[in-house]
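Chains, contacts and geometry: an overview
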There are 4 protein chains.
Amino acid sequence: MLSPVKRVAIIGASGYSGEELLKRLLHHPGVEISLVTSRQNAGQTIAQVYPRFGSHPVARSLRFTDPQVDAVVGQAEVAFLALPHGVAASYARPLIAAGLTVIDLSADFRINDPTVYADFYGGAHPAPELLSEAVYGLPEVHGQQIKSARLIASPGCYPTSILLPTLPLLRAGLIGTNGIIADSLSGVSGAGRKAELDYLFCECNESVRPYGVPRHRHLAEIEQEMSLAAGSPVVMQFTPHLIPVTRGILTTLYLTPSRSITPADAGVFGQSIHQCYLDAYCSAPFVRLLEGAALPDTKNVVGTNVIEIAWRVDPRTGRLVVMSAEDNLVKGASGQAVQSFNLRFGYPETTALD
Amino acid sequence: MLSPVKRVAIIGASGYSGEELLKRLLHHPGVEISLVTSRQNAGQTIAQVYPRFGSHPVARSLRFTDPQVDAVVGQAEVAFLALPHGVAASYARPLIAAGLTVIDLSADFRINDPTVYADFYGGAHPAPELLSEAVYGLPEVHGQQIKSARLIASPGCYPTSILLPTLPLLRAGLIGTNGIIADSLSGVSGAGRKAELDYLFCECNESVRPYGVPRHRHLAEIEQEMSLAAGSPVVMQFTPHLIPVTRGILTTLYLTPSRSITPADAGVFGQSIHQCYLDAYCSAPFVRLLEGAALPDTKNVVGTNVIEIAWRVDPRTGRLVVMSAEDNLVKGASGQAVQSFNLRFGYPETTALD
Amino acid sequence: MLSPVKRVAIIGASGYSGEELLKRLLHHPGVEISLVTSRQNAGQTIAQVYPRFGSHPVARSLRFTDPQVDAVVGQAEVAFLALPHGVAASYARPLIAAGLTVIDLSADFRINDPTVYADFYGGAHPAPELLSEAVYGLPEVHGQQIKSARLIASPGCYPTSILLPTLPLLRAGLIGTNGIIADSLSGVSGAGRKAELDYLFCECNESVRPYGVPRHRHLAEIEQEMSLAAGSPVVMQFTPHLIPVTRGILTTLYLTPSRSITPADAGVFGQSIHQCYLDAYCSAPFVRLLEGAALPDTKNVVGTNVIEIAWRVDPRTGRLVVMSAEDNLVKGASGQAVQSFNLRFGYPETTALD
Amino acid sequence: MLSPVKRVAIIGASGYSGEELLKRLLHHPGVEISLVTSRQNAGQTIAQVYPRFGSHPVARSLRFTDPQVDAVVGQAEVAFLALPHGVAASYARPLIAAGLTVIDLSADFRINDPTVYADFYGGAHPAPELLSEAVYGLPEVHGQQIKSARLIASPGCYPTSILLPTLPLLRAGLIGTNGIIADSLSGVSGAGRKAELDYLFCECNESVRPYGVPRHRHLAEIEQEMSLAAGSPVVMQFTPHLIPVTRGILTTLYLTPSRSITPADAGVFGQSIHQCYLDAYCSAPFVRLLEGAALPDTKNVVGTNVIEIAWRVDPRTGRLVVMSAEDNLVKGASGQAVQSFNLRFGYPETTALD
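Residues numbered from 1 in each chain as written. Chains lettered and ligands numbered in written order. Predicted model: local features only at pLDDT ≥ 70, side-chain atom pairs only at ≥ 80, totals over all residues.

In this section: the overall build of chain A. Along the backbone of chain A there are 12 helices and 13 strands. In terms of its C-alpha atoms, chain A occupies a principal-axis envelope of roughly 65 × 45 × 45 Å. Counting across all 354 residues of chain A, residues that qualify as buried make up 58%. Counting only contacts in chain A whose residues sit at least 6 apart along the sequence, the fraction spanning at least 24 positions is 70%. (Helix = DSSP H or I, 4+ residues; strand = E, 2+ residues; numbered from the N terminus. Buried ≥ 20, exposed ≤ 12 C-beta atoms within 10 Å, placed from the backbone. Contact = placed C-beta atoms within 7 Å.)

Let us look at the domain arrangement of chain A. Residue and element names in this part refer to chain A. For chain A, the assigned domains are domain 1 (6-133) and domain 2 (158-328). Relative placement of domain 1 and domain 2: their C-alpha centres are 28 Å apart. The partner domain 2 presents seven residues to the nine residues of domain 1 that form the contact. Of all the elements, helix 6 (residues 114-121) adds the most residues to the side of domain 1 that touches domain 2, at three residues. (Domains from an automatic or database assignment.)

In this section: helix 12 (residues 330-345) of chain B. All names here are of chain B. Here helix 12 spans only 19 Å end to end across 16 residues, well under the 22 Å set by a 1.5 Å rise per residue. In the structure, helix 12 departs most strongly from a straight axis at Gln336, where the bend amounts to approximately 45°. Counting buried positions over the 16 residues of helix 12 gives 15, a clear majority of the element. Positive phi shows up at Gly346, right after helix 12, with a value of about 80°. (Expected span 1.5 Å × (residues − 1). Bend = angle between axes of the 7 residues up to and from the residue.)

Here the focus is the relation of the copies chain A and chain B. With an RMSD of 0.0 Å, the fit of chain A onto chain B corresponds to turning through 180° and sliding 0.0 Å along the axis. What the superposition gives is, in effect, a two-fold axis relating one chain to the other. Using C-alpha coordinates, one finds that chain A approaches the rotation axis most closely at A:Pro244, a distance of 3.3 Å. When the interface residues of chain A are mapped onto chain B, 100% of them again lie at the interface, so the same face is used by both copies. (Least-squares fit on C-alpha atoms with pLDDT ≥ 70 in both.)

Moving on, we get to the sheet that holds strand 11 (residues 287-289) of chain A. Residues and elements named next belong to chain A. Pairing within the open sheet is mixed, and its seven strands lie in the order 8-9-7-10-13-12-11. Only two strands of the sheet have a single neighbouring strand rather than two, namely strand 8 (209-210) and strand 11. Summarising the sheet, strand 8 and strand 9 (residues 237-242) pair through two bridges and their orientation is antiparallel. Opposite Pro210, over in strand 9, you have His241 as the bridge partner. In this fold helix 8 (residues 157-171) packs onto strand 7 (181-186), strand 9, strand 10 (249-255), strand 11, strand 12 (307-314) and strand 13 (319-326), with an angle of close to 35° to the strand it touches most, strand 10. (Pairing = 2+ DSSP bridges. Axes fitted to C-alpha atoms, helices over the stretch in contact; angles between N-to-C directions.)

Our next topic: the confidence of the model for chain A. In low-pLDDT regions, the fine details of the predicted coordinates are not to be read closely. Confidence along chain A averages 96 in pLDDT terms, with 99% of residues attaining 70 or more. Interface scoring of the predicted complex returns ipTM 0.96; its pTM is 0.97. (pLDDT = per-residue confidence, 0-100.)

The interface is formed by 13 residues belonging to chain D together with 13 residues belonging to chain B. By residue class, the composition of the side of chain D that touches chain B is three nonpolar, five polar and five charged. (Nonpolar A, V, L, I, M, F, W, Y, C, P; charged D, E, K, R; others polar.)

Cis geometry marks the peptide bond from A:Val213 to A:Pro214, where omega comes out at 0°. One can find A:Pro214 in the loop between strand 8 and helix 10 (219-230).

Of the two same-sequence chains, chain D is brought onto chain B (RMSD 0.0 Å, axial shift 0.0 Å) by a rotation of 180°. When you check the interface residues of chain D against chain B, 100% turn up at the interface there too, and the contact is symmetric in its surfaces.

Residue and element names in this part refer to chain C. Looking at the secondary structure, you find Gln145 in helix 7 (residues 139-146). By C-beta crowding, Gln145 is classed as partly exposed, having 15 other C-beta atoms within 10 Å. Separated by 199 residues in sequence, Gln145 and Arg344 have C-alpha atoms that sit 8.9 Å apart.

This paragraph deals with helix 10 (residues 219-230) of chain B. Think of an α-helix as turning once every 3.6 residues; residues three or four places apart then point the same way. Residues and elements named next belong to chain B. The end-to-end C-alpha distance of helix 10 is 16 Å, a good match for the 16 Å that 12 residues give at a rise of 1.5 Å each. Listing the buried residues of helix 10 in full gives Leu219, Ala220, Glu221, Ile222, Glu223, Gln224, Glu225 and Met226. Each element contacted by the buried residues of helix 10 is listed here: helix 6 (114-121), strand 6 (135-136), helix 8 (157-171) and strand 10 (237-242). Looking one or two residues beyond helix 10, the residue adopting positive phi is Gly231, at roughly 80°.

The next thing to look at is the interface of chain A and chain B. By a widely used convention, the size of an interface equals the accessible area lost when the partners come together. Each partner contributes to the interface: chain A provides 37 residues, whereas chain B provides 37 residues. Looking at the side of chain A that touches chain B, the elements that each hand over two or more residues are strand 7, strand 8, strand 9, strand 10, strand 12 and strand 13 of chain A. Partitioning the side of chain A that touches chain B into residue classes produces 18 nonpolar, nine polar and 10 charged.

On to the pairing of strand 10 (residues 249-255) of chain D, then. All names here are of chain D. With respect to burial, strand 10 is a largely interior element, seven of its seven residues being buried. Of the two faces of strand 10, both are covered, the one formed by Ile249, Thr251, Leu253 and Leu255 as well as the one formed by Leu250, Thr252 and Tyr254. One ladder, built from seven bridges, connects strand 10 with strand 13 (residues 319-326); its direction is antiparallel. Bridge pairing links Ile249 to Glu326 in strand 13.

Let us look at the sheet that holds strand 9 (residues 209-210) of chain B. Residues and elements named next belong to chain B. Taken together, the seven strands give an open sheet; going across it, the order is 9-10-8-11-14-13-12, and neighbouring strands pair in mixed fashion. Edge positions in the sheet fall to strand 9 and strand 12 (287-289), since each of these pairs with one other strand and no more. Direction of pairing for strand 8 (residues 181-186) relative to strand 11 (residues 249-255): antiparallel, over a ladder of six bridges. Each residue of the ladder has a partner; that of Ser186, found in strand 11, is Ile249.

Now for the packing of helix 8 (residues 157-171) of chain D against helix 10 (residues 219-230) of chain D. Residues and elements named next belong to chain D. Running from N to C, helix 8 and helix 10 cross one another at 15°; their axes reach a closest spacing of 9 Å. Classified by the angle their axes make, helix 8 and helix 10 are roughly parallel. Remark: the crossing between helix 8 and helix 10 carries right-handed chirality. Residues Pro159, Ile162, Leu163, Thr166, Leu167, Leu170 and Arg171 of helix 8 lie in contact with helix 10, whose contacting residues are Glu221, Ile222, Glu225, Met226, Ala229 and Ala230. Split by residue class, the contact of helix 8 with helix 10 holds nine nonpolar, one polar and three charged. (Parallel < 35°, antiparallel > 145°, perpendicular 65-115°, else oblique. Left-handed = near helix turned anticlockwise from the far one by under 90°.)

What follows is about the packing of helix 1 (residues 16-25) of chain D against helix 12 (residues 330-345) of chain D. Residues and elements named next belong to chain D. Taken N-terminus to C-terminus, the directions of helix 1 and helix 12 make an angle of 40°; their axes are 9 Å apart at the nearest point. Put simply, helix 1 runs oblique to helix 12. Along this stretch, helix 1 crosses helix 12, giving a crossing that reads as right-handed. Mapping the contact onto sequence places Ser17, Glu20, Leu21, Arg24 and Leu25 in helix 1 and Val330, Ala333, Ser334, Gly335, Ala337 and Val338 in helix 12. Looking at the contact of helix 1 with helix 12, its residues break down into six nonpolar, three polar and two charged.

What follows is about the environment of A:Pro315. Residue and element names in this part refer to chain A. As for its placement among the helices and strands, Pro315 is situated in the loop between strand 12 and strand 13. Spatially, the C-alpha atoms of Pro315 and Ile261 are 7.4 Å apart, while their sequence positions differ by 54 residues. Residue contacts for Pro315: discarding those within four places in its chain leaves Pro263 and Ala266.

Take the pairing of strand 2 (residues 31-37) of chain A next. All names here are of chain A. Most of strand 2 sits inside the fold, with five of its seven residues counted as buried. Where strand 1 (residues 6-11) lies against strand 2, six bridges are found, and the strand directions are parallel. Its bridge partner being in strand 2, Ile11 is matched across the sheet by Thr37.

Encoded structure:
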């Protein structure tokens, strides 16, 4: 039996993640969007802010309001927070106190250890008492906990593209905890909908560039989850790049097998990798393990909640190369949050995500 | 005193490298283009095949001919070969025998060891007797030999983007020969001007994808030059990716310092890297070492013969990350070939490359 | 009551329209895809040819076959033809004779008059006896006839973008039949999935160009439908341009009001245009009439079956400027064909098109 | 004999036009850049603001200053103004009074009639006394006047793309003054380097949209120059569109021959158009008249000062369709300003524009 329809608020729905969240939830049979907030767009309908929803009756009638906690509490049972880091926590605290379930797309509750948060985000955590009950919202990994969580910290685009391919290997002890390198290529929507020179068309088009080298904030949550899976601390290398596509992340991972690989047993080791992924993901509807000669391509996942994963053992270097592709706004943000919503409230995992 | 004007033939000038070569040589004060060949475009003027040259008088009058060795020998002193691998050697042999200087943009003469050639290119080398005198045409590295070479094997785009940042470090012993990883992002022009589905606009636009994993042909020449610089064999990891820009290569290199780096001495190690690059390139007109917070961006080098290089020591991982950006068709192909031409015939190194 | 599930064949499903058709029909509750054909992809599964469908069970199991009429007749009640012009008719004839309903995405049955067909397509019509019963499949215009048609000639991208904004005005006599100009900008997918140099990424990226000036084949069907609406012959001007987007058509129409417009009565005339569009489209689910300052933008319709329409009366020139935006592969091709399928078989018009 | 080197100031050099101007003037043998100003970049070197000039010694040493008239007067003989409309005039007045030659890239002095200026730009003209001596800087049209001008009002991108193809036809009386329509497609750099949401990568990529319909400010100067050429007032229709390329404008013009054209004499009329263009532009180095089946393509002119023009007489409609392509930042802005500089100071017209 399906859960009854939930009244849902989307707090801070004026960026690209908010738009994608709206797109999914407007068609979700278990959702009534009761409130959308955005300081800058208050008073406008969803359709005015996002013309592509202009044919949907709710989008034509529902207006953005200023984000006020009282209104959210009064009108919603579930709140999605699409707010900047730091701001999200200030909403989560009273909403949870009032009994709402909160699905937070910011980084505020992804890091268990407030010391690590302070180190990477530069300041004391705004709501440390909630950290112990926050669930890291990666459904393929923490699905059981998500089902009963009050506070789901939905992971971002880079961590998802890196963690889903590596966690099963770390858990199985197939790769070492040293020397993990993630080289990621992100579409520009990952930078958000901000009027900054760096993200103008003419600055991004016909341009490719690394940024945030060598210490990106997302390292905190990536290393946390890797360490949990490995059972010992992981320090890894991560280099993000900006490329001229609107959506999509392609991550290439350089991994060191936990035992030395010779050309002769590269095939056997490859089999164990294959089996490890099958064990982890054979019933995961949104993980697509590529076969044969296929390699990930962002254009095959854009607009979907799917992550593609392929791998190669290099007999020359003895290294394992794993590649993943996802839509940074769907599996890397809003789609994943809806997937957690589905698990949390008993809907089929793929509802509104097909 | 300048060299007299050279009569130059461009053999196989119908692709993107050929076009870029024409662009440069049409304006080179030391060059008279006496012959351009292209089987598929024979009979057409340069301007008909490349409308962007339509205002240049030579481009309006000079017609492509079928590529015939006798005609080249009779009409040119220098031949640029912009031909597929394997085909180039069959032209180089008679042209060199006839006394021409040959600048070859293919891979045919880049690999010193015919066994390695056979391993990576799948067949016996077509002109092994020329290998010993062929000079690997990286002007910043083999400039002295280029000045007197009869046969210059001009390197391709990936190797240039990888070798210029790594060779000084290997020569100086600052990095280890193990564990070198190059992750490269290339514009679509690198695939050439071929009517194949994979390179259609709709297949490349809004798409990012790795290919040729884990064993790309260019590894042969990259490892050869790295091994020469290091004085011992190097086996490295290389992953190319296709991204939706017309031109440009961005390479991110993951390198292991030859001594263990602690957070405390990351700064000192960084200084030694800085000095090493200054020693190698302070008088190289086309190598731009980035300072301060700047990181390479292909849009800053596209259309020029410049390679940008930046580096970061990561105190968390102890690793050295080096990044480079170049135009795959200029520094990564035709511009570099013209640079070698300039060195070979006594022109200022930057002639027709400003 | 819904119609029972139909067994559907897609003939020639290897291009971009075929892919979009598959995407829609794989999720259509009234469709069982019983057969997909493609000479070049015969033997491969849908998922192998289109990796983005790799998570759909039917796409993973159903294999392309060679297109054979007997097999289609035996396995399907409805056939979508996504074949080149001329070829489509050779399939339509026997399929209709065998009692199937045919929805043809080619131009073969869009032109009522075989003389006009011969003039624009260069040869006698291959099945002239079927022309009289073929229905021009523009659901907003010929919806009633579509409901009982055996042969639906689904219109292409340019005609749809031009006809939906002009037919109501011509029917109402608000604009003259002389001097109609349509200036259209099309994404590259409109050229199909063909390995031709002109459509390579490097030839289309950073490029804008007109083509087929001044006589494009689609003029035949555009002028036919305009003439029907106006009740007198229309000859119009049409200039298509290729722009570097994958999907989308933006058409700007220059129209002459049927009476002379002074600055003083531009407002009144604008009102009559507004009313005319409301009368025509207020209950059309896929026509979005823009209000206020809004103008069409392809990014607001891509991926949907919606066409956006806006208009301006220019008091300086007395002219009416109308602009439309659609996705050339959806409302301009496959989505529209599914819309006709829905009308024909009694499904809600928006089924599988939300 | 060449003119001596001129000391040149570039006022407001922080946008895309300023960058392109710098690119040209840094390599101009008759120019010493003595001053570059930019309020927002004051204190930074040219190379810091535009990393792509990072290998040029002047760009590495010359720093932006705050724009102050006294400094300009003291250090320069010629000033290029790359300032917003309205601001430019406030600099031009004192600079001209001090004896400098001013080349203004804004619209401030393009319109002869201050009433028209007020009508289109919304306010009294800031320096009406200079209007009578300002020369509209279209070198192919007003070359003689440019040679002795103190104040050159260099035309913008849309007017150049529209006027060069139409003025000769209007002067020759080959086309009527009624019913002129210009449909233009512009790259995003035309919007300038402004941090606005509308010009973000994600808002422009995969998007095509008209804007400023039906009354764009550039109409004022376009109609002024057309009227001068025709000898009678011209009111025309102009629709600009934004397309996802960085550079380039493609304009399609719909023109009515001054006499009625039948299919039979379309060829004769076409010959007269051809001859008219030859008479106007056979010695213009930057106008490329396309022959045969060729049509303009922005990718053939981007990075150059060339405008491509092609035309077709449509025997079906009796209309003349003319198409042009240019680089909006070069022939449509900075290149054209340098061309005027060359004419004004006796340099070959193509200096620094090859």
